[in-house]
Each structure stands twice: as C-alpha cells, then as structure tokens.
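Residue-level structural notes
The lines below spell out each chain.
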Amino acid sequence: GIPNDKRQQIHLSIGLFLGSIATLDAPIEDRLSNSNRECDDKEKKGALGGLATDHINNASELVVDHSQRSRFAGWNLIVATESSRNSNFQSAFHYYKSGIAFLGSE
C-alpha cells in the first residue's frame, strides 16, 4: 500500500484543490447566505466543500503552520454549519470537533 506520510500528502493536495473549487476561503457570510440564486451551484460547492474538508482532516498531522490550521478550522466550521442547516447533526458534530482539533490548545 501507500505509506501513511505519502497518503496524507495526497489527501492534503486533493483537499486544497477541491477547497479552491468549493470557494471555502470566501467570506463565510457569502457562503452561508440564504439567497436562492444559484442554488444548484451552491449545493455542488457544499458537497465539494465537505469532500475537501474530509481530505484536509485526513492530513491534519501534516498541517503545522498556525495560519493554515486556523484556515482549516474555518473550513470545518463552514461545513459543520452547512450540515446543521441540513439537519445532519452527527456530521456537523464531527466537523465542529475536527475544527476544534485544528485549533488545539491555543
């Protein structure tokens, strides 16, 4: 199989790529607005955001830079909030916990 460190690097690369498509770095107000315009596009980006965040979470050991850890905690917050809005509370809880883990004991 693929060595764990190489696997985590692949997860990180995929997560960053998908996160750029899902616009996870856009202001949270823009991502979570209630506008019905472009609903299908937002749903696709939401699904990609979850997938991107899952990949990033699988590579969390590689992320040591404080600003990157804060960035990915924000990604988890976005996906958790979207999961909560869809009444997927178990998923939301998972992303909230993962986001908190990125912040560590600051």
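Here, the structure is the one placed above.
What counts and how
All residue numbers here refer to positions counted from 1 along the written sequence of the relevant chain. At least 70 in pLDDT is required for a residue's local features to be given in this predicted model, at least 80 for side-chain atom pairs to be given and counted, and no such filter applies to totals for whole chains, interfaces and linings, which use all residues. Heavy atoms from the whole structure form the basis of all side-chain values; hydrogens and water molecules are not counted. Any pair of Phe, Tyr and Trp rings, taking the six-membered ring for Trp, is counted once the centres come within 6.5 Å. Such a pair is stacked with planes under 30 degrees apart, edge-to-face with planes over 60 apart, and tilted for the rest. A run of H or I in DSSP counts as a helix once it spans at least four residues, and a run of E counts as a strand once it spans at least two, with each numbered from the N terminus. Put simply, buried Ala, Val, Leu, Ile, Met, Phe, Trp, Tyr and Cys residues joined by side-chain atoms within 4.5 Å make one nonpolar core. Buried, partly exposed and exposed residues are distinguished by accessible area as a fraction of the type maximum, computed with a 1.4 Å probe on protein chains only: under 20%, between the cut-offs, and over 50%, respectively. Residue contacts follow a heavy-atom distance rule, with two residues in contact if any of their heavy atoms lie within 4.5 Å. Fitted lines through C-alpha atoms give the axes, limited to the stretch in contact for helices. The angle between two N-to-C directions lies from 0 to 180 degrees. Oblique is the label for any angle not under 35 degrees, not over 145, and not in the 65 to 115 range, which are roughly parallel, roughly antiparallel and roughly perpendicular in turn. What makes a crossing left-handed is the near helix being turned counterclockwise from the far one by less than a right angle; a clockwise turn instead makes it right-handed. Multiplying 1.5 Å by the helix residue count minus one yields the expected span of that helix.

**Here we look at the packing of aromatic side chains**
- Scanning the model with the defined rule gives 2 aromatic pairs in all.
- An angle of 75° between the planes, with centres 5.0 Å apart, marks the rings of Phe-72 and Trp-75 as edge-to-face. Of this pair, Phe-72 and Trp-75 both sit in helix H4 (residues 66–85), 3 residues apart, roughly one helical turn.
- Three or more aromatic residues joined by ring pairs form one cluster here, namely Phe-72, Trp-75 and Phe-102.

**Brief notes about the environment of Leu-77**
- With respect to the element layout, Leu-77 can be found in helix H4.
- With 22 residues separating them along the chain, Leu-77 and Gly-99 place their C-alpha atoms 6.4 Å apart.

**Comments concerning the nonpolar core**
- Core analysis: the largest hydrophobic core is formed by 13 residues, its most contacted members being Leu-12, Leu-24, Ile-56, Phe-72, Trp-75 and Phe-102.
- Going through the elements one at a time, helix H1 (4–21), helix H3 (39–58) and H4 are the ones with two or more residues in this core.
- Tallying contributions element by element places H4 first for this core, with 4 residues.
- Setting aside residues up to four positions removed in sequence, Ile-56 forms contacts with His-11, Leu-12, Gly-15, Leu-16, Phe-72, Trp-75 and Phe-102.

**Here we look at the side chain of His-11**
- For His-11, the location among the structural elements is in helix H1.
- Using a relative accessible area of 18% as the deciding quantity, one classes His-11 as buried.
- Apart from the residues lying within four places of it in its own chain, the contact partners of His-11 are His-55, Ile-56, Asn-58 and Ala-59.

**Quick word on the packing of H4 against helix H5 (residues 89–103)**
- Interaxial distance between H4 and H5 falls to 8 Å at its minimum, and their mutual angle equals 165°. Overall, the two elements H4 and H5 adopt an arrangement that is roughly antiparallel. The two elements H4 and H5 meet at a crossing, and its hand is left-handed. Every residue of H5 that contacts H4 at Arg-69, Ser-70, Phe-72, Ala-73, Asn-76, Leu-77, Val-79, Ala-80, Thr-81, Ser-83 and Ser-84 is listed here: Phe-89, Ser-91, Ala-92, Tyr-95, Tyr-96, Ser-98, Gly-99, Ala-101, Phe-102 and Leu-103.

**Digging into the side chain of Ser-98**
- By the element assignment, Ser-98 lies in helix H5.
- The exposure class of Ser-98 is buried, given its relative accessible area of 16%.
- Aside from chain neighbours lying at most four places away, what touches Ser-98 is Asn-57 and Asn-76.

**Some words on H4**
- With 20 residues, H4 should reach 28 Å at 1.5 Å per residue; the first-to-last C-alpha distance of 29 Å fits that figure.
- Among the residues of H4, those classed as buried are Phe-72, Ala-73, Trp-75, Asn-76, Ile-78, Val-79, Ala-80, Thr-81, Glu-82 and Ser-83.
- Directly beyond the C-terminal end of H4, a positive phi value near 60° is found at Ser-87.

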